[in-house]
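Read off the chains here:
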Amino acid sequence: MELSEEDLRLVNALQISPRISWSDAGSVLGVHATTLASRWDRLRAVGAAWTTAHLMGDPKDMCLAMVDIDCEMHLRPDVTAAVAQLPEVITVEEAASNRDLTLTVITQDLEQFSTHVLPRLKEIRGLTKYHTALCTRIHTSGYAWRLNVLSKAEQQALRALAGPEAGNPSALDTVVAPLPETHLALIPFLARDGRATAAEIARALGRNPATVQRQLGRVLASRMLSFRCEIAQQFSGFPITVQWFANVPPGQHEAAATELRAIRNIRFSASTTGRTNFTMIMWLRSLADVMEMELTIQQRIPGIELVESVVMLNTAKRVGWMLNPDSTATGTVVPPYGELLPAGI
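One structure accompanies this document, and this report is about it.

### Topic: the overall build of the protein chain
Here is step 1 of the chain: If you tally the helices and strands in the protein chain, you get 12 helices and 12 strands.
Here is step 2 of the chain: Relative to a compact globule of 345 residues, whose C-alpha radius of gyration would be 20 Å, the protein chain shows 20 Å and is just as compact.
Here is step 3 of the chain: By its C-alpha atoms, the protein chain is 50 × 45 × 40 Å across when sized along the principal axes.
Here is step 4 of the chain: Evaluated residue by residue, the protein chain yields a buried proportion of 54% over its 345 residues.
Here is step 5 of the chain: A sequence separation of at least 24 residues applies to 77% of the contacts in the protein chain between residues at least 6 apart.

### Examining unusual backbone geometry
Here is step 1 of the chain: Of note in the backbone geometry, Arg223 takes a positive phi value of approximately 65° without being a glycine.
Here is step 2 of the chain: As for its placement among the helices and strands, Arg223 is situated in the loop between α10 (209-221) and β6 (225-231).
Here is step 3 of the chain: On the basis of relative accessibility, which here comes to 25%, the residue Arg223 falls in the partly exposed class.
Here is step 4 of the chain: Even without being a glycine, Val319 presents a positive backbone phi close to 35°.
Here is step 5 of the chain: By the secondary structure assignment, Val319 is in the loop between β10 (305-318) and β11 (321-323).

### Focus: the nonpolar core
Here is step 1 of the chain: Ranked by size, the top nonpolar core spans 35 residues in total, and within it Leu55, Leu186, Ile187, Leu190, Ile201, Met224 and Leu225 carry the most contacts.
Here is step 2 of the chain: Elements supplying a minimum of two residues to this core: β1 (49-55), β2 (63-71), β5 (127-140), α8 (187-192), α9 (198-205), α10, β6 and β8 (266-272).

### Description of helix α11 (residues 253-261)
Here is step 1 of the chain: The set of residues buried in α11 consists of His253, Ala256, Ala257 and Leu260. Projected onto a plane normal to the axis of α11, the buried residues spread over an arc of 100° and lie on a single side.

Criteria and thresholds
- Residues numbered from 1 in each chain as written.
- Predicted model: local features only at pLDDT ≥ 70, side-chain atom pairs only at ≥ 80, totals over all residues.
- Heavy atoms only, no water.
- Helix = DSSP H or I, 4+ residues; strand = E, 2+ residues; numbered from the N terminus.
- Rg over C-alpha atoms; globule rule 2.2 N^0.38 Å.
- Buried < 20%, exposed > 50% of the residue type's maximum accessible area, 1.4 Å probe, protein only.
- Contact = heavy atoms within 4.5 Å.
- Core = buried A, V, L, I, M, F, W, Y, C linked by side-chain atoms within 4.5 Å.
- Arc of directions from axis to C-beta.

What follows is the structure in structure tokens.
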């Protein structure tokens, strides 16, 4: 399967405004609303693209941990499957060097990570060792990554039509509004479909549609969630995932992050604790680009020390969604707060 230029334009539009109406999107893209809806249904059905919402994990309000896992070689598939079933583990990747798996974990706070997640990791048969780095500031997140196939005018028009969920959830001045438990039950639906409507959620929960509409509005504006439109990596034009672990001089992290945002390949950058104090993840076109990108990073960020580069061999789970070996979505989602849903959902 290949994605057409029109498919990529639609994905790019939803990257900018994940919950835009089909009529508004059609007015910008010059395509009838029903055509866009049909095209999106096809992309979702084959796992080529999907919308989702996940806990932001901003260190001001939550705990975001990156955990390196070692496991017995013949039990690696079992360990991968086990850690992927934990809703707090939002991303699971198989690494090419110095660790078997790398996990991204989001919890309400450090205590929950220490008392709720780590004990369950220790119980997994075949998992022999883990090493944790804690995020102290998110600089760039995957929600901001773009295909950039739309014109600047089209991108600007889509940003003007975007709702509050499209804002930068990791901005320094962002204030996260706490949500009551009744509102948290909406999050699993948004994890499965970032475009889920109040009417759909109300039917599933057996609640009054007007009540859910109000609750949904509060959830979207809370800045608790990061909304994004994802594309199967094989269709993105950037099939290689590389993570760098680096040391940046104190006081220069924000400047380093600003330089990295100018590189379109960047998917994630953060300040961390541990053996290094800064990490960045990029999608690249080929392995040959690794050395070129390292040179670019060093030229843009004076004083940076690139300690280690890790190529990811496979992504089993990305921000809650289980993936096939070819990077398409299986359709299975392990959402946060799933325990709040009625039985059978």
